[in-house]
Amino acid sequence: MAVSLCCLNKTLLTQSYIRKKHGAEFQEQERKKAERTARETRAKTLREETRRLERQEEERRRQRRREKEHRRCVEARATYESKWKELLDPSPGESEIGTQPLRFQDIPWPVLALDIGPPDRTNKGKARAQEVDITVGDITVDAISTFLLPEASSSDDTPHDPDTIRKERRNRLRETMLRFHPDKFEGRILRRGQEHDQERVREAGGRVTRAVGE
């Protein structure tokens, strides 16, 4: 009887030890599992935050590019208007553009040509942008539309009222059509052009009037 009780006690102690050991192992497994889950959650949160910041920075870069492009176009249109005024009614001593034989490049065309060159080592690796000579092939409907009828910009202080915008666009198109109308263009511009450039000037003027008509 005593031997049986002793064996029973040993069995109970063994089972208790096994339960405690397994319980400790189970708790350790659960602890490691919880730590792994926490690490994975932190890593996922970090990745999502990194992606959010990258998207945010990319949007800021796009906005800065749009604003820079808008300012460049505004300046180009101001120069375009100034050159037309100078071409048709030059002030005394201001420039010879109104009296000298005109080259193709002397004529203010309603397009914007820009060449983005390779990165400039002297400018922190940024691409170099410089104005390039406009060719007849640059004078397209899309190029003229972009130049004369730009989209509104958040950096633009001018009113964005739809009626005002439509009126300004009509005025720009009408003024462009008057400047490049074949009869007026022939008499005021083409006849003053250099002989070797006249055919190109005539073709480009025709492209403008057709594009504005569209």
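What comes next concerns the included structure. (Residues numbered from 1 in each chain as written. Predicted model: local features only at pLDDT ≥ 70, side-chain atom pairs only at ≥ 80, totals over all residues. Heavy atoms only, no water.)

**Focus on the overall build of the protein chain**
As a reminder of what qualifies: Helix and strand assignments follow DSSP, with helices taken as H or I runs no shorter than four residues and strands as E runs no shorter than two, numbered in order from the N terminus. Relative accessibility decides the category of a residue: with a 1.4 Å probe and only protein chains considered, values under 20% of the type maximum give buried, values over 50% give exposed, and everything between is partly exposed. Contacts are assigned to residue pairs with any non-hydrogen atoms lying within 4.5 Å of each other. Here the accessible surface of atoms and residues is derived via Shrake-Rupley with a 1.4 Å probe, and residues count as covered only by protein chains that are part of the display.
Across its full length, the protein chain holds five helices and two strands. Listing the helices and strands of the protein chain from first to last along the sequence gives α-β-β-α-α-α-α. Counting only residues that meet the buried cut, the protein chain has 21% of its 214 residues in that class. For the protein chain, the share of sequence-separated contacts (at least 6 apart) that also reach a separation of at least 24 residues comes to 65%. In the form shown here, the protein chain has an accessible surface area of approximately 15700 Å², with 52% of it arising from carbon and sulfur atoms.

**Observations regarding helix H2 (residues 141-148)**
Heads up, the condition is: Throughout, the arc means the angular range of directions from the helix axis out to the C-beta atoms.
Of all the residues in H2, the buried ones are Ile-144, Phe-147 and Leu-148. In an axial view of H2, the angular spread of the buried residues amounts to 85°, which keeps them on one side of the axis.

**Quick word on the nonpolar core**
Test applied: Residues belong to one nonpolar core when they are buried, are Ala, Val, Leu, Ile, Met, Phe, Trp, Tyr or Cys, and are joined through side-chain atoms within 4.5 Å.
In this structure, Trp-109 and Ile-139 are the most contacted members of the largest nonpolar core, which totals 24 residues. Counting residues per element, this core draws most heavily on helix H5 (residues 198-213), which supplies five residues. Filtering out sequence-adjacent residues up to four positions away, Trp-109 remains in contact with Tyr-80, Phe-104, Ile-134, Ile-139, Phe-180, Phe-185, Val-201, Ala-204, Gly-205 and Val-208.

**Things to note about the pattern of salt bridges**
Note the threshold: Whenever Lys or Arg places a side-chain nitrogen within 4 Å of a carboxyl oxygen from Asp or Glu, that contact is recorded as a salt bridge.
Counted under the stated rule, the structure contains 18 salt bridges. With a shortest N-O distance of 3.0 Å, Asp-197 and Arg-200 are connected by a salt bridge. Judged by its relative accessible area of 5%, Asp-197 falls in the buried class. Taken together, the shared-partner salt bridges connect Glu-57, Glu-58, Glu-59, Arg-60, Arg-61, Arg-62, Arg-64, Arg-65 and Arg-66 into one network.

**Focus: the packing of helix H3 (residues 162-180) against H5**
To keep things clear, this is the line we draw: Every axis in this analysis is a line fitted to C-alpha atoms, fitted for helices over the stretch in contact. Angles between the N-to-C directions lie between 0 and 180 degrees. In this scheme, roughly parallel covers angles under 35 degrees and roughly antiparallel covers those over 145, while 65 to 115 is roughly perpendicular and the rest are oblique. By definition, any crossing whose near helix is turned counterclockwise from its far helix by less than a right angle is left-handed, and any crossing with a clockwise turn is right-handed.
At a minimum axis distance of 9 Å, the contact between H3 and H5 shows a crossing angle of 150°. Taken together, the axes of H3 and H5 are roughly antiparallel relative to one another. As H3 runs across H5, the sense of the crossing is left-handed. In contact with Leu-173, Thr-176, Met-177 and Phe-180 of H3, H5 contributes Gly-205, Val-208, Thr-209, Val-212 and Gly-213.

**Some details on the packing of aromatic side chains**
The test is simple: Aromatic rings from Phe, Tyr and Trp, with only the six-membered ring used for Trp, were paired whenever their centres fell within 6.5 Å, and each pair was classed as stacked if the ring planes differed by under 30 degrees, edge-to-face if by over 60, and tilted otherwise. Working rule: Lys NZ or Arg CZ, within 6 Å of ring centre, within 35 degrees of ring normal, means a charge sits over the ring.
Counted by the stated rule, this structure contains six aromatic pairs. An angle of 80° between the planes, with centres 5.3 Å apart, marks the rings of Tyr-80 and Phe-147 as edge-to-face. On the criterion of sequence distance, the pair formed by Tyr-80 in helix H1 (residues 2-88) and Phe-147 in helix H2 is long-range, its members being 67 residues apart. With respect to burial, Tyr-80 and Phe-147 carry one shared label: buried. Consider the rings of Trp-109 and Phe-180, whose centres lie 5.7 Å apart with planes at 25°: the pair is stacked. Here the residue Trp-109 occupies a position in the loop between H1 and strand S1 (114-119), and Phe-180 occupies one in helix H3, the gap between them amounting to 71 residues. The class for Phe-180 is buried, based on a relative accessible area of 1%. These aromatic residues form a ring-pair network of at least three members: Trp-84, Phe-104, Trp-109, Phe-180 and Phe-185. It is Arg-200 that lies over the ring of Phe-104; its NZ or CZ is 4.3 Å from the centre.

**A look at H5**
Two residues of an α-helix separated by three or four positions point the same way, owing to the 3.6 residues in each turn. The line we're drawing: Given the number of residues in a helix, its expected span is that number minus one, multiplied by 1.5 Å.
Between its first and last C-alpha atoms H5 spans 23 Å; for 16 residues at 1.5 Å apiece the expected length is 22 Å, and the two agree. On its buried side, H5 packs onto H2, H3 and helix H4 (182-188).

**Considerations on the environment of Asp-142**
Positionally, Asp-142 belongs in helix H2. Linking Asp-142 and Ala-211, residues 69 residues apart in sequence, is a C-alpha distance of 8.5 Å.

**Observations concerning the environment of Arg-166**
Going by this rule: Polar contacts, as counted here, are pairs of nitrogen or oxygen atoms within 3.5 Å of one another; within protein the pair requires one atom able to donate a hydrogen and one able to accept it, and residues that are adjacent in sequence qualify only if both atoms are side-chain atoms.
The residue Arg-166 is located in helix H3 in this model. Judged by relative accessible area, which is 44%, Arg-166 ranks as partly exposed. Separated by 17 residues in sequence, Arg-166 and Leu-149 have C-alpha atoms that sit 9.6 Å apart. Polar side-chain contacts of Arg-166 include one of 2.2 Å to the side chain of Asp-163.

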